[in-house]
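The residues making up each chain are set out below.
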Amino acid sequence: MSIELHYADSGMPEQAGASPLVVLHGLFGSADNWRSHVKHWRQRRRVVALDLRNHGRSNHAPGMSYEDMAADVLDVMDHLEIDRFDLLGHSMGGKVAMTLARRHPQRVSRLIVADIAPVAYEHGHDDIFRAHRLVEDALPESRKEADDAMAEAIDSQTTRQFLATNLVRDDQGILGWRVGLDFIEEGYGDIVAPPGGEAPFEGPTLVLRGEHSDYVTDEALAIIAEVMPASRVETIKGAGHWLHAEKPEAFIRAVDGFLAQPLKG
């Protein structure tokens, strides 16, 4: 069952002749992470950046299957009366994007998948979940206190800073998480599963991977070609999994080049 999502809609610029671009974040991310990218893209096209269920400002609900999350996104497009659009998703959002494109290919003009493959992954976020729970137990009144709590589970300051974008203050001044943590943890098996859909997506597809990321391996290229036969894979030099944040200029350049190509037919 789909739920109502929060979204940021740039509206249509006066000179826009391009298809709208829909942007989907990854696990524990939000539309806020894409503000600088949206600022660039909205100069030429309408951009809709969404908070997926249990993330950002969207509602919390059980169920993290890719079919359910794709239905959530499609409901927003229907509400906005956007019939066809270009679709970009990073990590978990990339699997949502692949699912939507495979199940509703008539709605997706072009697909951009950022550092994720249509395969199952091993469970690998135990430290992230532990960090969230440590913050809950600490009842921090400052971001430093929250960071100190997370540091017991996560060494990377960059990762802690990313997670801290989801901290909000309650009426008592205590910092807590805006994500639906219980539902995300309960649905984690679905998150690491392959995307939904059975038929391949035949439309133009760009798969971007980080040079230092292990999410899109050479071994995954065959399944990428099977699921998205019109795809091409490009590597962002010097980037890891968060390639759009680590190498934003190279990422935007690759996306712009892909979207500038005329559609066939």
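This structure is a prediction, so every number in the text was calculated from the model and none was measured. (Residues numbered from 1 in each chain as written. Predicted model: local features only at pLDDT ≥ 70, side-chain atom pairs only at ≥ 80, totals over all residues. Heavy atoms only, no water.)

**Student:** For this particular structure, what's the right way to read the overall build of the protein chain?
**Tutor:** Of the regular secondary structure elements, the protein chain holds eleven helices and nine strands. Here the protein chain has a C-alpha radius of gyration of 18 Å; the compact-globule value for 265 residues is 18 Å, and the two agree. For the protein chain, the spread of C-alpha atoms along the three principal axes comes to 60 × 40 × 35 Å. Restricting the contact set of the protein chain to residue pairs at least 6 apart, pairs at least 24 apart contribute 76%. Carbon and sulfur atoms make up 47% of the accessible area of the protein chain, which amounts to about 12,400 Å² in all. Put simply, the protein chain has 27 plus and 42 minus side-chain charges, and the middle of one group is 8 Å from the middle of the other. (Helix = DSSP H or I, 4+ residues; strand = E, 2+ residues; numbered from the N terminus. Rg over C-alpha atoms; globule rule 2.2 N^0.38 Å. Contact = heavy atoms within 4.5 Å. Areas by Shrake-Rupley, 256 points an atom, 1.4 Å probe, with all protein chains shown as cover. Lys, Arg positive; Asp, Glu negative; His and termini not counted. Charge placed at Lys NZ, Arg CZ, Asp CG, Glu CD.)

**Student:** Quick question: what am I supposed to make of the environment of V227 here?
**Tutor:** Among the structural elements, V227 can be located in helix α9 (residues 221–227). Under the relative-accessibility criterion, V227 is labelled buried at 7%. Distance in space between the C-alpha atoms of V227 and P118 is 7.4 Å, their sequence separation being 109 residues. The residues contacting V227, other than those within four sequence positions of it, are R102, P118, P200 and F201. (Buried < 20%, exposed > 50% of the residue type's maximum accessible area, 1.4 Å probe, protein only.)

**Student:** Would you explain the side chain of S213 in this entry?
**Tutor:** When you line up the elements, S213 lands in the loop between β8 (205–210) and α9. Polar side-chain contacts of S213 include one of 3.2 Å to the backbone nitrogen of Y215. The residues contacting S213, other than those within four sequence positions of it, are D115, A239, G240 and H241. (Polar contact = N/O pair within 3.5 Å; in protein donor to acceptor, adjacent residues only side chain to side chain.)

**Student:** In this structure, what is going on with helix α4 (residues 126–138)? I would like to understand it.
**Tutor:** Because an α-helix completes one turn every 3.6 residues, residues spaced three or four positions apart along the sequence face the same direction. For α4, spanning 13 residues, the distance from its first C-alpha to its last is 18 Å, which sits close to the expected 18 Å at 1.5 Å a residue. Here α4 has its buried residues at I128, F129, A131, H132, L134 and V135. Those residues of α4 that are buried lie in contact with α5 (143–151), α6 (157–164), β6 (167–169), β7 (175–177), α7 (181–186) and α8 (188–191). One or two steps after α4, the chain reaches L139, where phi turns positive at roughly 50°. (Expected span 1.5 Å × (residues − 1).)

**Student:** Just checking my understanding: could you explain the pairing of strand β2 (residues 21–24) for this structure?
**Tutor:** Two faces, one strand: in a regular strand the side chains alternate between the faces of the sheet. With burial as the criterion, each face of β2 is covered, one bearing L21 and V23 and the other bearing V22 and L24. As paired strands, β2 and strand β3 (residues 47–50) are joined by four bridges and run parallel to one another. Paired with L21 across the two strands is V47, which belongs to β3. After leaving β2, the chain enters helix α1 (residues 35–41) and then returns to the sheet as β3, a path that is right-handed. Sheet topology places β2 next to strand β4 (residues 85–90); four bridges connect them, and they run parallel. (Pairing = 2+ DSSP bridges. Right-handed = clockwise from strand over helix to strand, strands pointing away.)

**Student:** Any chance you could explain the packing of α4 against α5 here in plain terms?
**Tutor:** The description of two helices packed together rests on the angle between their axes and the distance between the axes. Viewed as axis vectors pointing N to C, α4 and α5 meet at an angle of 135°, and their least axial separation amounts to 8 Å. Between α4 and α5, the angle falls in the class oblique. Two packed elements cross with a definite hand, and for α4 against α5 that hand is right-handed. Between α4, through A131, L134, V135 and A138, and α5, the contact on the second element is made entirely by A146, A149 and M150. Each residue belonging to the contact of α4 with α5 can be placed in one class, and the counts come to seven nonpolar, no polar and no charged. (Axes fitted to C-alpha atoms, helices over the stretch in contact; angles between N-to-C directions. Parallel < 35°, antiparallel > 145°, perpendicular 65-115°, else oblique. Left-handed = near helix turned anticlockwise from the far one by under 90°. Nonpolar A, V, L, I, M, F, W, Y, C, P; charged D, E, K, R; others polar.)

**Student:** Would you mind going over the packing of aromatic side chains with me for this structure?
**Tutor:** A ring pair, where both rings are aromatic, is described by two values, the distance of the centres and the angle of the planes. In the structure shown here, the tally under the stated rule is six aromatic pairs. With 5.8 Å between their ring centres and 75° between their planes, F28 and F129 make a pair best called edge-to-face. Remark: F129 occurs in helix α4 and F28 occurs in the loop between β2 and α1; sequence separation between them is 101 residues. Each member of the pair F28 and F129 is classed as buried. With a centroid separation of 6.5 Å and an interplanar angle of 25°, the aromatic rings of W34 and W41 are classed as stacked. Residue W34 shares its accessibility class with W41, and that shared class is buried. Counting every residue linked through ring pairs, the aromatic cluster contains F28, F129 and Y188. (Phe/Tyr/Trp six-rings, centres within 6.5 Å; stacked < 30°, edge-to-face > 60°.)

Geometric descriptors of this kind do not, in isolation, establish any biological role.
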